[in-house]
Amino acid sequence: MNDETKKKINARYESELNKGERFWPDSIYKDLIVSLGIFVLLILLATFIGVSPEPKADPSDTSYIPRPEWYFLFIFKFLAIYGQIPILGKIEWIATVAIPGVAVGLLTLLPFIEKRPDRHYVKRILPISIMIIMVVGIVLLTFTSEVPTVAADGSKMLGILQSISGLIIPTLAYIALILMSYVFKSSTRTMIWTTVLASVSMIIVSGTVLALHPKPVVEETEVATTLVDQITAGQDLYSIHCTECHGDDGSVAIIEGVEGLEGEEITPINSKDVLYTITDSAMYEVIAYGRPNAGMTPFGKAYGGELSKSEIDYMTIFMRYMWDDRFEAPVIAPLFPALADGEVPSYDVHIAPIAKRYCISCHRAGKENNNYLMTSYEEILTTGDNAENNIIAGDEKSYLLQVIQEHAIMNPDKPDEELIGVMPPSKALKPNVVDVFVRWIMNGVPQTADEAAALFAVPTPEPAATAAP
Amino acid sequence: MWKKVYEWLDERLGLNDMYTNLLDRPEPTGNWWNTLGSASLFLFVMQGLTGIFLTVYYTPSPDHAYDSVQYIMEGVAFGWLIRGIHHWGATLMVIVVFIHMLRVFFTASFKYPRELTWLIGIGLLLMTLGMGFTGYLLPWNQRAFWATTVGTQIAGSVPFVGEFILKALRGGPDLSALTLQRFFSAHIWMLPAMLAGLIGVHLFLIIKHGESHFPTKED
Ligand code: HEM
C-alpha cells in the first residue's frame, strides 16, 4: 500500500469523525445497554436453566458416549463426514489438523491476503461469500452433530445427505465462486445469488437430515444432587447389592442363606470398628475391588462389577449418615406414604419401593430365587416356578403372603421339604410393610395410584352408641 | 473540598488528560454491531470475577474436584448462581467473540491501519476457545472426562509430533490427576494472564486508531 492510499484513507476517516459522535456518552451508552442485557440474560440462564448435573468421571466406563463442548461439535461432525471419503478419508490428520489449520491460517493472515483498501461489501464479494458459506456450514454441522452417518439399520442415506450439505455443496460453491471471480469476472449479482443458492440448498439438505432422523431418546442418568437424594440412592443400591450378605442394617456377623458363603464369619459393617477406621476412599476401594479372598466380589465397573463411581459414592454416603454416629442424618422421607384406614396401596407408590429395598437384591436375574423376579409390575405377578400360586388376588393363601408372615410353604410331594422358605430369609419384614402387601393382594393388586384410589373404601363408622341416661 | 482532592489527584494522575484521551474521543456515527467488542470485554470480566469466587471452594484433584463442585452447587450460599453464570458466560463469550470477529470481517475493519488489532483478535479468539476447552474438564464429571479424552485425541492425530502433544496435554498417556492439574493451571493462570495482556494491547490499538466507520459505497 503506497503512502498516497494511506493518506486518502486517513483523510476519509477524518471526515467521518467530523460528522460523527463522542465516545462518551454517545457510544458508551450503547455498550452499557448491551452489557446490561447480557448480564440479565446470564442471571436468567443460571437461574432457570442452570447447570445440568452429571455423574462423576469414571475412566472405566467405556460405554459412555463422549461428546465435546458444543462449540467443537462441528469439527467432530466434519471429521465423521470426511471419514466417509474413500481412501483420503482414512488419513485422519487432513481433517483434524490440515483443514482447520489452513482455515485458521487464512483467517489470521486475512489483512495481508485481502490487501486492497476497498471496504464496501460490493467490492469484497468473494471473501464475504466464502465466509457466509463457512458460517452456514459450521452452524448446520453443529445442529446435525447428533445424527449418525450410518443409521442403526445400516443405511448410509443420512451419511450421504450430510456429505452433500457439509462437504460437496460448499466445495462446489467455493470452486464456482473463485472461477466466477477470477476467470469469468461475473457480476456481483450472480455471485450473491450463487452464495444464496448454496446456503439455501445446504439448509434444505440438513433440514431433511434432521427431519428424517428421529430425535434420539437421551437416556438421562439419574444424578442425586442433594444429600437426602444421595442417601436414598445409596440405600437403594445397598439394598440391591449388599443386603443379601450384610443384612439391611449391616449388622450381619455370620452369613446365612447365601450359596457358597453359608456360615462365613464377617465383621458387621455397621460397627465402629469398621466405620471409625476405614476412610471414605478406603471404603470406596473395598466396594469397588471387593474382598475376593473373603468371598466379596468386586462391584466397581473398573474391576468387572456393575456400579459406577457415583453409585459407590452414594453407598458410602448412605453408610456414613445412617450408621456412623459421628454424622448427623438429615430428615429422610419414609419409603412409602403411611396408609389410612381402608386405603388400598398401589404398585407404583408402595410395592415398587418396598420391593426395591427388601426383595430385589435376590429377586432379579442371575440370582437363586426359583425364577421369581420382582423388578416390575408384570414380573411380580407372572414370573417364578410357582407363578400361579405366588400372588392370587383376593386370596390370603397366596404364597407371597404366607412366606412374609413367617410361614414357609412345604413341598406337597415331599411334606418335610420346604418349597419356599420364609421371606426375607434373614430378617422378617416390619408389620406395616407386611400390612401393605396384604392390603395390596387382598384388594386386587392395583398398579397405579389412581386405580388404587378407586378401591379406597372408607369404613363406615360404627353408629355411636347413645348412652342412655 | 472535593474540588481540592480532585485537583490534587489530577495533578498526579492526569485525570483530565485521561478524560479527553479515553472518554471524550470523537468517533464515527455508531452502530449497534460495534458493541460486541465491549460485550466480549464485559463477559471476560464477568468470567474473571465468578471464576475467582469458584476457586475459593474448587479443588483440582480427581478425588475432590467433583465433590467440591457439588458443594458449590448445594452447600455454598449462591454458589449455584456463581457457577451458573460462569457456565453460561463461557458459552456466551464464545458466541459473542465469534460474532464480533464476523462483524469486523464484514465491515472490513481489519484493513489499514488496523491489521495488528485483527492479528491480536485472532489470538484472543483462539485463547477464548482454549479457556472453554480447559475449563470444561475441571468439574471432573463424565461429560468433562470423555470430552477431554476425545479432544486431546484430536491433538494426538497431528503427524510426527502428535504423540508428543498428546502427552504434553495429558501429562502422560492417559487422563490423570496431572491432566487436571495442568488444565487447571492453564485455565486460571496461563490463559487468563495472556488474554488480559492481549486485551490490553487490543484496547490500546483501538483507542489509538479509533473505531472504524461503517463502510459506504465510497469505501
Ligand atoms: C476476548 C476477545 C475480544 C475482546 C475483549 C475484544 C474487544 C474489542 C473492543 C472493546 C473493540 C472496540 C469496540 C468494537 O469495535 O466492537 C474491539 C474492536 C476490534 N476487534 Fe476485538 N475483541 C476481542 C476479540 C476479537 C477478535 C476475535 C477479533 C478478530 C479476529 C477482533 C478484532 C477487532 C478489530 C479489528 C477491532 C477494530 C474494529 C473497528 O475499529 O471497527 N477482536 N475489540
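**Student:** For this particular structure, what's the right way to read unusual backbone geometry?
**Tutor:** One can expect most non-glycine residues to show negative phi and most peptide bonds to be in trans. The residue after Trp24(A), namely Pro25(A), is reached through a cis peptide bond having omega 5 degrees. By the secondary structure assignment, Pro25(A) is in helix H2 (residues 23–49). With an omega dihedral of 0 degrees, the bond running from Tyr112(B) to Pro113(B) counts as a cis peptide bond. Mapped onto the elements of the fold, Pro113(B) is located in the loop between helix H5 (79–106) and helix H6 (115–137). For Glu406(A), which is not glycine, the phi torsion reads 60 degrees and is therefore positive. Considering the arrangement of structural elements, one finds Glu406(A) in the loop between helix H17 (399–404) and strand S2 (409–410). With a relative accessible area of 60%, Glu406(A) lands in the exposed category.

**Student:** Just checking my understanding: could you explain the coordination of the iron atom of the ligand for this structure?
**Tutor:** Four donors placed tetrahedrally around a metal ideally meet at 109.5 degrees, and six donors placed octahedrally ideally meet at 90 or 180 degrees. All names here are of chain B. Protein-derived coordination of the iron atom of the ligand comes from His100 (NE2) and His202 (NE2), at a distance range of 2.0 to 2.2 Å. Taken together, the 6 donor atoms coordinating the iron atom of the ligand and their angles of 85 to 179 degrees define a geometry best described as octahedral. Of this pair, His100 sits in helix H5 while His202 sits in helix H9 (residues 177–209), placing them 102 residues apart in sequence.

**Student:** Looking at this structure, how should I read the interface of chain A and chain B?
**Tutor:** Where interface size is given, it is often the accessible area lost as the parts come together that is meant. The interface is formed by 78 residues belonging to chain A together with 83 residues belonging to chain B. Carbon and sulfur atoms supply 68% of the area that chain A and chain B bury against each other, a total of about 7,500 Å² over both sides. By the criterion of area lost to chain B, the three top residues of chain A are Tyr13(A), Val51(A) and Arg119(A), representing 11% of everything that side buries. For the interface between chain A and chain B, the tally reads 6 salt bridges. If you look at where chain A meets chain B, you find 35 residue pairs in polar contact (both at pLDDT 80 or more).

**Student:** Which parts of the structure should I look at to understand the environment of Phe145(B)?
**Tutor:** In this fold, Phe145(B) is placed in helix H7 (residues 142–156). Spatially, the C-alpha atoms of Phe145(B) and Ser176(B) are 9.7 Å apart, while their sequence positions differ by 31 residues. Dropping the residues within four chain positions of it, Phe145(B) is found in contact with Ala57(A), Pro59(A), Leu137(B), Trp140(B) and Leu175(B).

**Student:** What is the right way to look at the site of the ligand in this model?
**Tutor:** All names here are of chain B. The environment of the ligand is formed by 26 residues, the closest being His100, Arg103, His202, Glu211 and Ser212. Measuring from an oxygen atom of the ligand, one finds a side-chain N or O atom of Arg114 at 3.3 Å. Within the side chain of His202, one N or O atom sits 2.8 Å away from a nitrogen atom of the ligand. Secondary structure elements with two or more residues in the shell around the ligand: helix H3 (36–57), H5, H6 and H9. Across the shell around the ligand, the residue classes break down as 12 nonpolar, 11 polar and 3 charged.

**Student:** How should the environment of Pro334(A) be read in this particular structure?
**Tutor:** Residues and elements named next belong to chain A. Mapping Pro334 onto the fold places it in the loop between helix H13 (309–323) and helix H14 (347–358). In this structure Pro334 comes out as exposed when scored by relative accessible area, which is 63%. Separated by 50 residues in sequence, Pro334 and Tyr284 have C-alpha atoms that sit 27 Å apart.

**Student:** Explain the side chain of Thr195(A) here, please?
**Tutor:** Here Thr195(A) lies in helix H8 (residues 188–212). Not counting chain neighbours up to four residues away, the residues in contact with Thr195(A) comprise Ser129(A), Ile132(A), Ile133(A) and Leu177(A).

**Student:** When you look at the packing of helix H6 (residues 125–143) of chain A against H5(B) in this model, what are you seeing that I'm missing?
**Tutor:** In a pair of packed helices, the angle between the axes and the distance between the axes together describe the arrangement. Following both chains from N to C, one finds H6(A) and H5(B) inclined at 160 degrees, their axes separated by 11 Å at the closest point. In terms of their interaxial angle, H6(A) and H5(B) are classed as roughly antiparallel. Seen along the crossing, H6(A) lies across H5(B) with a hand that is left-handed. Contacts between H6(A) and H5(B) involve Pro127(A), Ile128(A), Met131(A), Ile132(A) and Val135(A) from the first element and Phe98(B), Met101(B), Leu102(B), Phe105(B) and Phe106(B) from the second.

**Student:** Would you mind going over the pattern of salt bridges with me for this structure?
**Tutor:** Opposite charge on two side chains allows them to pair when their charged atoms are near. Residue and element names in this part refer to chain A. Applying the stated criterion to the full structure yields 25 salt bridges over all chains. The salt bridge partner of Arg116 is Asp118, with a shortest N-O separation of 3.3 Å. A salt bridge links Arg320 to Asp324, with the nearest nitrogen and oxygen atoms 3.1 Å apart. On the accessibility criterion, Asp324 (2% relative accessible area) is buried.

**Student:** What is the right way to read the nonpolar core from this model?
**Tutor:** Burial of nonpolar side chains together is a common tendency in soluble globular proteins. Counting 38 residues, the largest nonpolar core has Leu42(A) and Trp118(B) as the members making the most contacts within it. At the level of elements, H2 and H6 of chain A together with H3, H5, H6 and H9 of chain B are the ones that each hand at least two residues to this core. When residues of this core are assigned to their parent elements, the largest contribution, 11 residues, is made by H5(B). Among all residues touching Trp118(B), those that are not within four sequence positions of it are Leu107(A), Thr108(A), Leu110(A), Pro111(A), Met101(B), Val104(B), Phe105(B) and Phe110(B).

**Student:** What's the story with H8(A) in this structure? I'm lost.
**Tutor:** Turn by turn, an α-helix covers 3.6 residues, leaving residues three or four places apart pointing in a common direction. All names here are of chain A. With 25 residues, H8 should reach 36 Å at 1.5 Å per residue; the first-to-last C-alpha distance of 36 Å fits that figure. Those residues of H8 that sit buried are Met191, Thr194, Thr195, Ala198, Ser199, Met202, Val205, Ser206 and Val209. At its buried positions, H8 is contacted by H6 and helix H7 (157–184).

**Student:** Before we go on, may I ask you to explain the packing of aromatic side chains in this structure?
**Tutor:** Any aromatic ring pair is given by two values, namely how distant the centres are and how the planes are angled relative to each other. One pass over the structure, following the stated rule, counts 21 aromatic pairs over all chains. Ring centres of Tyr321(A) and Phe327(A) lie 5.2 Å apart, and the angle between their planes is 70 degrees; this geometry places the pair in the edge-to-face category. Overall, the relative accessible area of 31% leaves Phe327(A) in the partly exposed class. On the numbers, 5.6 Å between centres and 50 degrees between planes, the contact of Phe133(B) with Phe183(B) is tilted.

**Student:** Before we go on, may I ask you to explain the environment of Val223(A) in this structure?
**Tutor:** By the secondary structure assignment, Val223(A) is in the loop between H8 and helix H9 (227–241). Note: C-alpha distance between Val223(A) and Pro53(A) (170 residues apart in sequence) is 6.2 Å. Excluding anything up to four places from it in sequence, Val223(A) contacts Pro53(A), Glu54(A), Pro55(A), Tyr314(A) and Tyr66(B).

Reading the values: rules and limits
Residues numbered from 1 in each chain as written. Chains lettered and ligands numbered in written order. Predicted model: local features only at pLDDT ≥ 70, side-chain atom pairs only at ≥ 80, totals over all residues. Heavy atoms only, no water. Helix = DSSP H or I, 4+ residues; strand = E, 2+ residues; numbered from the N terminus. Buried < 20%, exposed > 50% of the residue type's maximum accessible area, 1.4 Å probe, protein only. Donors = N, O, S within 2.8 Å, 3.2 Å for Na, K, Ca; no water. Tetrahedral: all angles 85-135°; square planar, octahedral: opposite > 155°, others 65-115°. Contact = heavy atoms within 4.5 Å. Buried area = accessible area lost by both parts, 1.4 Å probe. Salt bridge = Lys/Arg side-chain N within 4 Å of Asp/Glu carboxyl O. Polar contact = N/O pair within 3.5 Å; in protein donor to acceptor, adjacent residues only side chain to side chain. Near = heavy atom within 4 Å. Nonpolar A, V, L, I, M, F, W, Y, C, P; charged D, E, K, R; others polar. Axes fitted to C-alpha atoms, helices over the stretch in contact; angles between N-to-C directions. Parallel < 35°, antiparallel > 145°, perpendicular 65-115°, else oblique. Left-handed = near helix turned anticlockwise from the far one by under 90°. Core = buried A, V, L, I, M, F, W, Y, C linked by side-chain atoms within 4.5 Å. Expected span 1.5 Å × (residues − 1). Phe/Tyr/Trp six-rings, centres within 6.5 Å; stacked < 30°, edge-to-face > 60°.

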